[in-house]
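# Structural overview for review
Here are the chains, one letter per residue:
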Amino acid sequence: MQFKHFLQFSDFSREEYEYLFERARWIKQEFKQYRQYWPLTDRTLAMVFDKNSTRTRLSFEAGMHQLGGTAIYLSSRDTQLGRGEPVEDSARVISRMVDIVMIRTYEHDIIKRFAENSRVPVINGLTDKYHPCQIMSDIFTYTEYRGSIVNKTVAWIGDANNMCNTWLQAAEIFNFKVHVSTPPDYGVSPEQLELINPAHYEIFAHPRKALIGADLVTTDVWTSMGFEEETEQRKRDFADYCVNEEMMSMAQKDALFMHCLPAHRGEEVSAAVLDGPQSVVWDEAENRLHTQKALLEYLLLGKLMI
Ligand code: CP
Ligand code: NVA
């Protein structure tokens, strides 16, 4: 049987994203009107979490229910995954019992090995390397506010983490540019940069310079999950990387601010920016639900006639 996985942003083409966004717009509108839409009756999603989550868990679980299906939460804390059962064996077993799997884990290699042994589609709900579901929602949100992201400039300020890597992949697919500014020891890995056409990014030593001309300003926590022991060092190293009102004023007048959340006011973003008029973070979070419902529908049912 032919099926697709969604392990990184580059797994889908621009056309596929355009289709998903069209479906997400329709699914969102129907949901807001309280109209029942149950294309996934009797379908089951297994959600495997090796890391904490609020938005990812809730949006997949609620989304699956709202499409008429069922979602099952599995944590490495209380399954055999946490007691050393090989990921390949877990994939073989889990994928015989459900129709689709979402995984949030550490090394990207874990999700790749799971997918290689899975009988059903696997979705990346965040790894140390990528967070494709979040960027899908972010671009959908940008489009809702400002129209096409093609030829726009996104400023990434802070850690070159899973979100940054995914923005870079998206830039190539949607044809926009990412201005990246990170502290010296926290830049994009050469291995990631090698994958991206240089026309789609520019590295800036100074965050303020990266903001010039930006249509969208975005950042993320200084310490991602799995790096907690570096927290104190990172607080020192990232001290100049707080997106505040003065920084925002360097970007385009109508620039939007995004953050995948959870945010730390006073660290990577000031309260005035996060809670201010340019911030669209709550819509960005809500759109996880609508875009992932479109993704679940697509991976399970393929393209529908619309
Ligand atoms: N943005 C995001 O993925 O949030 P959670 O960690 O709460 O799932
Ligand atoms: N970069 C963050 C994103 C959390 C949603 C992390 O990996 O912890």
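Let me begin by describing the structure that accompanies this report. Being a predicted model, the structure only gives us computed values, none of them experimental.

## With respect to the packing of aromatic side chains
The final tally for this structure, using the stated rule, is 17 aromatic pairs. Aromatic pair Y17 and F21: ring centres 6.4 Å apart, planes at 45°, arrangement tilted. One end of the pair is Y17 and the other is F21, both in helix α1 (residues 14-32) and four residues apart, which spans about a single turn. Residues Y17 and F21 agree in their burial class; the two are buried. Each ring, one from W222 and one from F238, has its centre 5.9 Å from the other, and the planes form 25°; the classification is stacked. Here F238 lies in the loop between α9 (231-237) and α10 (245-248) and W222 lies in the loop between β8 (216-219) and α9, a separation of 16 residues in the sequence. Using a relative accessible area of 6% as the deciding quantity, one classes W222 as buried. By relative accessible area, F238 is classed as buried at 0%.

## Let's talk about the sheet that holds strand β7 (residues 201-203)
Ordered in space as β7-β6-β5-β8-β9, the five strands form an open sheet in which the pairing is parallel. Strands with a single pairing partner mark the edges of an open sheet, and in this sheet they are β7 and β9 (256-259). Taken over all neighbouring pairs, the strand axes of this sheet differ in orientation by 20° on average, direction set aside. Here β8 pairs with β9 via four bridges, running parallel. In the sheet register, V217 faces β9, and the bridge partner there is F257. The sheet strands contacting helix α6 (residues 162-174) are β5 (153-157), β6 (177-181), β7 and β8, and the helix crosses β6 at an angle near 155°.

Quick notes on the rules
- Residues numbered from 1 in each chain as written.
- Chains lettered and ligands numbered in written order.
- Predicted model: local features only at pLDDT ≥ 70, side-chain atom pairs only at ≥ 80, totals over all residues.
- Heavy atoms only, no water.
- Phe/Tyr/Trp six-rings, centres within 6.5 Å; stacked < 30°, edge-to-face > 60°.
- Helix = DSSP H or I, 4+ residues; strand = E, 2+ residues; numbered from the N terminus.
- Buried < 20%, exposed > 50% of the residue type's maximum accessible area, 1.4 Å probe, protein only.
- Pairing = 2+ DSSP bridges.
- Axes fitted to C-alpha atoms, helices over the stretch in contact; angles between N-to-C directions.
- Contact = heavy atoms within 4.5 Å.

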